[in-house]
Amino acid sequence: MIKKTLLYLIKNNLILYISSCLANILEILLSVVMPLVSGYLISSLLNADKKSIIKYLSLHIMINIALLCMHYIRGLILNNLSTSVSYFFRMEFYKKLVNSNFIIYNNTESGKILSIFSNDIQSISSFFCDKIISIFNTIISLIAMFSITLYMNLYIGIVLIIFSPSFYFSYILFKKHLKKQYILTKETYDGMLTVLQETIHGFSDVCLLNISSIMIKRFSNRVNNYVDQKKITGKIIIFSQISLSLIGLMQDIGILCVIIFLGRKDIHHISLYVAVMVYIQKIIQGLLGLSSFTTDMHNADICLRRIYNTFHDTALNATKKPLPYKISGKIEFKNISFSYIKEKKILDHLNFTIKPNMINILQGRNGVGKSTIINLICKLYAPSEGAIYLDNIDVALYATDSYREKIAITKQEPFLFNMSIFENMLLVDQSLNLNKLRDICKDINIDFHIMNLPMRYDTIIAESSSNLSLGQRQKLTIVRALLKNARINIFDEALSFLDMESALHVADLLYQRSRFSTIIIVDHRNIFLKYPCNIINI
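Residues numbered from 1 in each chain as written. Predicted model: local features only at pLDDT ≥ 70, side-chain atom pairs only at ≥ 80, totals over all residues. Heavy atoms only, no water.

Caption draft 1: The arrangement of the overall build of the chain in detail. Within the chain one finds 16 helices and nine strands. Taking the intrachain contacts of the chain between residues at least 6 apart in sequence as the baseline, contacts between residues at least 24 apart amount to 79%. (Helix = DSSP H or I, 4+ residues; strand = E, 2+ residues; numbered from the N terminus. Contact = heavy atoms within 4.5 Å.)

Below, the structure written as structure tokens:
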């Protein structure tokens, strides 16, 4: 998955990747030259050669300035690359989220969604920018350092080559344990964020139910689980680092033995001796970096799989036909069964017909499955058995987007987006103007309240809609549904927060609409029974 993703990112950010690699190569060349210049500068200082001192000191300063410039340029390139990659992954995840299977979404902890969007995407962006470029830098640098060290002293080069594979074996030793711990740590972090999300969205209930101490204890348990997993992960990483340090120490001892055994007869100049020591240190750092990269790669792979495997695209639009422009709105349930759990059916071989151009009322006791029927009609769920027909054609054959364009739904819990009232309505009607919106709002008796708000129709609806009453919010969701001008209109307890006078007024308006659209009603107050209607007992 990492290879495939990397190739895609390189293809779409080719200039940035190439620019970064070129900047790195120039920086490596300067870094390779620097130890030699430092060595010659030290040699000149020891020999008190003023001309050489000025020459190599000037060169040393110039190389440092050049390195700073290259570091700055590389930083700008990496910043642009990181922004581009981060944008790509955030958009990919959001697309997966909004196109996901509704049942899978319902069974996914909100904390996991937040964790993936924040931490996982940040880790992946860092890996495909900083880590990938860094490992390219390290490999080129190692090749250059090994080559120069072998050229300067064959025996030291051989010692470095012999011990180099040991760094990778150390990673293999801890790989399995690290993989398991990374997954467990992320799962416990997801659980911690889920409790936090529940508290934020259900804050009033936490206060009214007086369960703050229980919630604190619950959150504390999640935090403790996360901390415990982090400690275990930390211990494994520490042991891994200790093993790498021991290998590095053994390598240093081997190099020291070579130097003691040979003296300095094969290293003819103090400048070369200094350079060799610097190169050895850089090689060891590079090998440690390679070992660290394999751990980062493993973590990035886990994060990628969480992004692409948490939600599965419904893929309901693929190879499916769009709805005809005109439909009658007749819906038939034929032998429909549905269950969340195989052993327990919510609906069992259900048969009924929703008639077009009239009010259809779904009746039944609480828990009988009325909301499930609504979700089946909207294709949020798929029936376990049987088929749903729209104008005598199985709805499973229609593309979901095209099908849902013909449906408007208003639910009991009114949901409005964190934007202005006008922008909320603009979501369903891109050609909407203020006069048209006000006309419908006047029909629903909400225009007067909106015009009394400080910003009127430009009033931003708070995230919790605290600046509007429940009844006002419910009226606005009804306005939004009517603006969609859909052929099929569903109202699932959509008048429950309205006073009786307002509810009767809206009911009369919906009855007028039923002459040219299919109206489906779930309502416990029996407001619509005075109109000609099709009653469906579940």
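So that's the structure; there's more coming.
Caption draft 2: How the structure looks around the sheet that holds strand β4 (residues 385–390). The sheet built from four strands is open, its strands ordered β2-β1-β4-β5 with antiparallel pairing. In the strand order of this sheet, the two ends are held by β2 (347–354) and β5 (393–394), each with one partner. Two strands pair when backbone bridges link them, and β4 and β5 are joined in this way by two bridges, in the antiparallel orientation. Within the sheet, the bridge partner assigned to leucine 390 lies in β5 and is isoleucine 393. Relative to strand β1 (residues 331–338), helix α10 (residues 370–377) is tilted by about 115°, and along the sheet it contacts β1, β2 and β4. (Pairing = 2+ DSSP bridges. Axes fitted to C-alpha atoms, helices over the stretch in contact; angles between N-to-C directions.)

Caption draft 3: Up close: the sheet that holds strand β7 (residues 488–492). The strand order β6-β7-β8-β3-β9 describes an open sheet built from five strands, whose pairing is parallel. Either end of the sheet is taken by a strand with one partner, and the two such strands are β6 (407–410) and β9 (533–537). Along the sheet, successive strands turn relative to each other by an average axial angle of 15°, direction set aside. Sheet topology places strand β3 (residues 359–363) next to β9; five bridges connect them, and they run parallel. Directly across from isoleucine 361, in β9, lies its bridge partner isoleucine 535.

Caption draft 4: Spotlight on the side chain of threonine 459. Relative to the helices and strands, threonine 459 is located in the loop between α14 (447–451) and α15 (470–484). Among the polar contacts listed, one links the side chain of threonine 459 to the backbone oxygen of arginine 456, at a separation of 2.7 Å. Setting aside its immediate chain neighbours within four residues, threonine 459 contacts Met419, Ser420, Ile421, Leu453 and Asn467. (Polar contact = N/O pair within 3.5 Å; in protein donor to acceptor, adjacent residues only side chain to side chain.)

Caption draft 5: Seen up close, the pattern of salt bridges. For the structure on display, the rule yields four salt bridges. The shortest N-O distance in the salt bridge between glutamate 385 and lysine 345 comes to 3.2 Å. Remark: lysine 345 occurs in the loop between β1 and β2 and glutamate 385 occurs in strand β4; sequence separation between them is 40 residues. Judged by relative accessible area, lysine 345 falls into the partly exposed class, the value being 38%. Because the salt bridges share partners, they merge into one network encompassing Lys345, Asp348 and Glu385. (Salt bridge = Lys/Arg side-chain N within 4 Å of Asp/Glu carboxyl O. Buried < 20%, exposed > 50% of the residue type's maximum accessible area, 1.4 Å probe, protein only.)

Caption draft 6: Layout of unusual backbone geometry. Even without being glycine, asparagine 335 reaches a positive phi, approximately 55°. With respect to the helices, strands and loops of the structure, asparagine 335 is situated in strand β1. A relative accessible area of 36% places asparagine 335 in the partly exposed class. Backbone geometry places histidine 349, a non-glycine residue, at a positive phi of 50°. With respect to the helices and strands, histidine 349 occurs in strand β2.

Caption draft 7: Representation of α10 within the structure. Within α10, seven of the eight residues are buried, leaving the element largely enclosed by the surrounding structure. All of the buried residues along α10 are Lys370, Thr372, Ile373, Ile374, Asn375, Leu376 and Ile377. Directly after α10, the chain includes lysine 379, whose backbone phi takes a positive value near 65°.

Caption draft 8: Spotlight on α15. For α15, with 15 residues, the first-to-last C-alpha span of 22 Å sits near the 21 Å given by 1.5 Å per residue. The element α15 is largely enclosed, with a buried count of 13 among its 15 residues. Positioned one or two residues after α15, asparagine 485 has a phi angle of 55°, which is positive. (Expected span 1.5 Å × (residues − 1).)

Caption draft 9: Fine view of the packing of helix α1 (residues 2–12) against helix α3 (residues 50–98). As a packed pair, α1 and α3 sit with axes 11 Å apart at the nearest point and diverge in direction by 125°. In terms of orientation, α1 lies oblique with respect to α3. The crossing of α1 and α3 is right-handed. On α3, the residues touching Thr5, Tyr8 and Leu9 of α1 are Val85, Phe88 and Phe89. Split into classes, the residues belonging to the contact of α1 with α3 amount to five nonpolar, one polar and no charged. (Parallel < 35°, antiparallel > 145°, perpendicular 65-115°, else oblique. Left-handed = near helix turned anticlockwise from the far one by under 90°. Nonpolar A, V, L, I, M, F, W, Y, C, P; charged D, E, K, R; others polar.)

Caption draft 10: Seen up close, the pairing of β4. Direction of pairing for β1 relative to β4: antiparallel, over a ladder of five bridges. By the bridge assignment for β4, serine 337 is matched with glutamate 385. The turn linking β4 back onto β5 is made up of two residues, and aspartate 391 within it adopts a positive phi angle of 55°.

Caption draft 11: Molecular detail of the packing of aromatic side chains. Inspection of every chain in the model, using the stated rule, returns five aromatic pairs. Counting every residue linked through ring pairs, the aromatic cluster contains Tyr511, Phe528 and Tyr531. Above the ring of tyrosine 389, the side-chain terminus of lysine 334 is found at 4.8 Å from the ring centroid. Lying over the aromatic face of tyrosine 403, lysine 379 brings its terminal NZ or CZ to 5.5 Å of the ring centre. (Phe/Tyr/Trp six-rings, centres within 6.5 Å; stacked < 30°, edge-to-face > 60°. Lys NZ or Arg CZ within 6 Å of the ring centre and 35° of its normal.)

Caption draft 12: Layout of a nonpolar patch on the surface. Taken together, the side chains of Leu14, Ile18, Leu22, Ile25, Leu26 and Leu29 make up a nonpolar region of the molecular surface, amounting to roughly 530 Å² of accessible area. Within the secondary structure, leucine 29 is located in helix α2 (residues 14–47). (Patch = residues over 30% accessible without salt bridge, like charges linked within 9 Å, V, L, I, M, F, W, Y side chains within 5 Å. Areas by Shrake-Rupley, 256 points an atom, 1.4 Å probe, with all protein chains shown as cover.)

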